[in-house]
Amino acid sequence: MRLVLIGLTAGFFSALFGVGGGIVIVPLLLLLCAWDARTAAATSLSAIGLTAVSGVIAYAIHGDVRVGYAALVGLPAAVSVAGATALQQRLHTRTIELLFAAFLVGIAVWLFVR
Amino acid sequence: MTYALAVVLGLAAGVVAGMFGVGGGILFVPALVALGLDHHAAIGTSLLAIIPTVFVGTWRQSRYGNVRWRAGVVIGVAAAAAAQGGVAVAIALSDATLRRLFAGLLVLVAAQIAWRTRAQDS
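A brief look at the structure comes next.

Quick notes on the rules
Residues numbered from 1 in each chain as written. Chains lettered and ligands numbered in written order. Predicted model: local features only at pLDDT ≥ 70, side-chain atom pairs only at ≥ 80, totals over all residues. Helix = DSSP H or I, 4+ residues; strand = E, 2+ residues; numbered from the N terminus. Expected span 1.5 Å × (residues − 1). Buried ≥ 20, exposed ≤ 12 C-beta atoms within 10 Å, placed from the backbone. Arc of directions from axis to C-beta. Contact = placed C-beta atoms within 7 Å. Core = buried A, V, L, I, M, F, W, Y, C linked by C-beta atoms within 7 Å. Axes fitted to C-alpha atoms, helices over the stretch in contact; angles between N-to-C directions. Parallel < 35°, antiparallel > 145°, perpendicular 65-115°, else oblique. Left-handed = near helix turned anticlockwise from the far one by under 90°. Nonpolar A, V, L, I, M, F, W, Y, C, P; charged D, E, K, R; others polar.

Attention now moves to helix H5 (residues 93–113) of chain A. Residues and elements named next belong to chain A. Between its first and last C-alpha atoms H5 spans 31 Å; for 21 residues at 1.5 Å apiece the expected length is 30 Å, and the two agree. The complete set of buried residues in H5 reads Ile 96, Glu 97, Phe 100, Ala 101, Leu 104, Ile 107, Ala 108 and Leu 111. Seen from one end, H5 has its buried residues packed into an arc of 140 degrees, which puts them on one side.

To continue, consider the environment of Phe 20 of chain B. If you trace the backbone, Phe 20 of chain B turns up in helix H1 (residues 2–20). Taking C-alpha positions, Phe 20 of chain B is 16 Å from Ile 51 of chain B, a pair spaced 31 residues apart along the chain. Each residue touching Phe 20 of chain B, except ones within four places of it in the same chain, is listed here: Val 26, Ala 41, Phe 100 and Phe 103 of chain A.

Below, the discussion takes up the nonpolar core. Ranked by internal contacts, the top residues of the largest apolar core, which has 79 residues, are Ile 25, Val 26 and Val 73 of chain A together with Ala 13, Ala 17, Phe 28 and Ile 75 of chain B. In terms of residues, this core owes the most to one element, helix H3 (residues 37–61) of chain A, which gives 10 residues. Beyond its immediate sequence surroundings of up to four residues, Val 26 of chain A is in contact with Ala 40, Ala 41, Ser 44 and Phe 100 of chain A together with Phe 20, Gly 21 and Val 22 of chain B.

With 81 residues of chain A at the interface, the matching set in chain B holds 83 residues. The greatest single-element share of the side of chain A that touches chain B, amounting to 21 residues, is contributed by H3 of chain A.

This part covers the packing of H3 of chain A against helix H3 (residues 39–63) of chain B. Where H3 of chain A meets H3 of chain B, the axes come as close as 8 Å, and the angle between the chain directions of the two elements is 150 degrees. Looking at the two axes, H3 of chain A sits roughly antiparallel to H3 of chain B. The handedness of the crossing between H3 of chain A and H3 of chain B comes out as left-handed. Of H3 of chain B, the residues touching H3 of chain A (which contributes Ala 42, Leu 45, Ser 46, Ile 48, Gly 49, Ala 52, Val 53, Gly 55, Val 56, Tyr 59 and Ala 60 of chain A) are Ile 43, Gly 44, Leu 47, Leu 48, Ile 50, Ile 51, Val 54, Phe 55, Gly 57, Thr 58 and Gln 61 of chain B. A breakdown of the residues in the contact of H3 of chain A with H3 of chain B according to their chemical character gives 15 nonpolar, seven polar and no charged.

Relative to the helices and strands, Gly 65 of chain B resides in the loop between H3 and helix H4 (69–92). In this structure, the C-alpha to C-alpha distance between Gly 65 of chain B and Val 109 of chain B, residues 44 residues apart in sequence, is 27 Å.

This paragraph deals with helix H2 (residues 25–34) of chain B. Counting buried residues along H2 of chain B, seven of its 10 residues qualify, which places the element largely inside the surrounding structure. Those residues of H2 of chain B lying buried are Gly 25, Ile 26, Leu 27, Phe 28, Val 29, Ala 31 and Leu 32 of chain B. At its buried positions, H2 of chain B is contacted by helix H2 (22–31), helix H4 (67–90) and H5 of chain A together with H1 and H3 of chain B. Just downstream of H2 of chain B, Gly 36 of chain B is the residue with a positive phi angle, here 105 degrees.

Structure follows, in structure tokens:
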């Protein structure tokens, strides 16, 4: 039930602000379900995959998906994500969580001033 | 030059995706806007770029045994459904005000996570 609530919140905010659902899913899994940072991050990625597929279909119908540009940014990301995932396994959970908190503050500042 | 910047932002998006479990859209969207796409096309294209990123990320994380599949499916399906409603509200409300409210919320969440992490430590 909590998971459904997390999903609904994530989907709503992600559509509202154009941020991926992960920025909502990970904090809620940490705070509401008391998961550790690694499990929360990993499970969030699997959930975002489903949401992104459904979103792409909706945008593609309106002709708002450019495959070439998606490859230009998405393929480098697909390479670096593997390295970052490996690095994440070596970090202390506490370190990941504090870095994530700093990352959220950075995004907040950016959203505020943009 | 813009293409090089887009690739760098793409690499950075993969790093935050792997480290924190976000999709990378937060970096894809500005990169795509810098390439000249309008807001809607940037979001639609960003969603497509997220797919290979989270596919590789989920695959690697599952090898490390960190993915809870059932929870992932429940959250993903609920989020996909709610996103449809979110789009309708997004059109109706003021963009700047909402963005700032969300920014404030993120700071509170960050403080809460940092607080919890420190509390567990002691």
